[in-house]
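# Notes for the structure review
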Amino acid sequence: MSKRDYYEVLGVSKNASQDELKKAYRKLAMKHHPDRNQNDTVAEEKFKEAKEAYDILSNEQKRAAYDQFGHAGVDPSAGGPGGFGGGAGGFGDIFGDIFGDIFGGARRGGAHSNRGADLRYNLELSLEEAVAGTTVKIRVPTMVSCSACEGTGAKRGTKPSKCSTCGGHGQVRMQQGFFSIQQTCPECHGRGEVITDPCRTCNGRGRVQEQKTLSAKIPAGVDTGDRIRLSGEGEAGDHGGPAGDLYIHVHVKDHQIFARDGTNLYCEVPVSFVTAALGGELDVPTLNGRVKLKIPSETQSGKMFRLRGKGIKSIRGSTIGDLFCKVNVETPVNLNAKQKELLQQFESSLNSGAKHNPQSHSWLHKVKNFFDEMKF
């Protein structure tokens, strides 16, 4: 029976990229893998067919020969330059690349130690601390290397012995169908060694739990969501393995005056209607002290003023943000009779609403037109 076109087998076009080829092969291989289709000869044949197609098309020289001469260009029996299973990109490389995640990514080489777990610490900072930077002391419960056995897990004066099951490699080879698989040794759990006389302090684990105090430098400009890594300050590795890392997750608390957006700060400034109408100056707080904010006459509520360079310096550069002040014109409350009378006199003195209250006049005009059109 003649072979199917390799591009047809993988379900891709003839100009497919290497990433598209790999993605298509992975999908087919996962679907038809023999371990997922026990005693299914059809699935096994489809798996072999997909593997053969990928082996040819993933090799640039073989793919060029196949594109020019078809199957004859890659079949040694037909005099072609290629051949299934030979050269670069052999089965072992493809298997390790595609199926490493299924079978745990078998390690090559001898015994190994497990890396310690990473730790997380949630740190709350005030806005002032986050902007200026600070140094904090934190206490972290963690697993540390046992000092009694120096992390080996074996009683002082003794040593772990080579695992007889895997011969010290940490891996055992298992035959499944037409290929073999490396798996973690069930006896030593990948360490390549077994402890016959365990340390009494850590009971052979090589680690003990304790609290440790760390000094962490928090850079200026950090914000909520930023993460600071302290390399090697996580849990100690199993049986002398390398320690994990500690990640400090920053949360900046809400401020009573300022709201933050990146490197910019925002605040609301209440202004009396007299100051808004006639103009004036106000003292406005910043993180570096107070500054004067000039309020022009006839300022309306909601007006935003920008104070350049009064924001926050970026943690990743020299850029400094701005401070935005939003004016809220405040209506006076708790007026006495005399004050109310004065306001009424003031209102009467405004002969033309359009001249002194243009926004109100324009809105009322639009409302009148709306009522006229709707015939309410």
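Remember, predicted model here, so these are calculated numbers, not experimental data. (Residues numbered from 1 in each chain as written. Predicted model: local features only at pLDDT ≥ 70, side-chain atom pairs only at ≥ 80, totals over all residues. Heavy atoms only, no water.)

### Observations regarding the packing of helix 2 (residues 18–32) against helix 3 (residues 41–57)
- It is the contact of helix 2 with helix 3, at a shortest axis distance of 9 Å, that shows an interaxial angle of 165 degrees. Classified by the interaxial angle, the pair formed by helix 2 and helix 3 is roughly antiparallel. Here helix 2 runs over helix 3; the crossing is left-handed. On the side of helix 2, the interface is formed by Gln18, Leu21, Lys22, Tyr25, Leu28, Ala29 and His32, while helix 3 contributes Ala43, Lys46, Phe47, Ala50, Lys51, Tyr54 and Leu57. (Axes fitted to C-alpha atoms, helices over the stretch in contact; angles between N-to-C directions. Helix = DSSP H or I, 4+ residues; strand = E, 2+ residues; numbered from the N terminus. Parallel < 35°, antiparallel > 145°, perpendicular 65-115°, else oblique. Left-handed = near helix turned anticlockwise from the far one by under 90°. Contact = heavy atoms within 4.5 Å.)

### Some points on the sheet that holds strand 8 (residues 227–230)
- An order of 1-9-8 is seen for the three strands of this open sheet, with the pairing classed as mixed. A strand with exactly one partner marks an edge of an open sheet, and here the two such strands are strand 1 (119–125) and strand 8. Averaged over all pairs of adjacent strands, the angle between their axes in this sheet comes to 25 degrees, without regard to strand direction.
- Direction of pairing for strand 1 relative to strand 9 (residues 246–252): parallel, over a ladder of seven bridges. Bridge pairing in strand 9 places Arg120 opposite Tyr247. (Pairing = 2+ DSSP bridges.)

### Considering helix 8 (residues 337–349)
- With 13 residues, helix 8 extends 19 Å from end C-alpha to end C-alpha; this agrees with the ideal 18 Å at 1.5 Å per step.
- At the N-terminal end of helix 8, a side-chain oxygen is found 3.2 Å from the backbone nitrogen of Lys338, two or three residues along, and the residue is Asn336. (Expected span 1.5 Å × (residues − 1). Polar contact = N/O pair within 3.5 Å; in protein donor to acceptor, adjacent residues only side chain to side chain.)

### Details of the pattern of salt bridges
- Per the stated rule, a full pass over the model turns up 14 salt bridges.
- The salt bridge partner of Asp55 is Lys62, with a shortest N-O separation of 3.6 Å. Both residues of the pair, Asp55 and Lys62, count as buried.
- A salt bridge links Lys212 to Glu233, with the shortest nitrogen-to-oxygen separation between them at 3.2 Å. Of this pair, Lys212 sits in strand 7 (residues 207–218) while Glu233 sits in the loop between strand 8 and strand 9, placing them 21 residues apart in sequence.
- Judged by relative accessible area, Lys212 falls into the buried class, the value being 15%.
- Take Glu233: its relative accessible area is 26%, and that puts it in the partly exposed class. (Salt bridge = Lys/Arg side-chain N within 4 Å of Asp/Glu carboxyl O. Buried < 20%, exposed > 50% of the residue type's maximum accessible area, 1.4 Å probe, protein only.)

### What to know about the pairing of strand 11 (residues 264–272)
- The side-chain alternation of strand 11 yields one buried face, formed by Leu265, Cys267, Val269 and Val271, and one unburied face, formed by Asn264, Tyr266, Glu268, Pro270 and Ser272.
- In the sheet, strand 10 (residues 259–261) pairs with strand 11 via three bridges, with the strands oriented antiparallel. Bridge assignment links Arg260 to a residue of strand 11, and that residue is Leu265.
- As consecutive antiparallel partners, strand 10 and strand 11 are separated by two residues, and within that stretch Gly262 has a phi angle of approximately 70 degrees, a positive value.
- In this structure, strand 11 lies alongside strand 15 (residues 323–330), joined through eight bridges in parallel fashion. The partner of Cys267 across the bridge, within strand 15, is Cys325.

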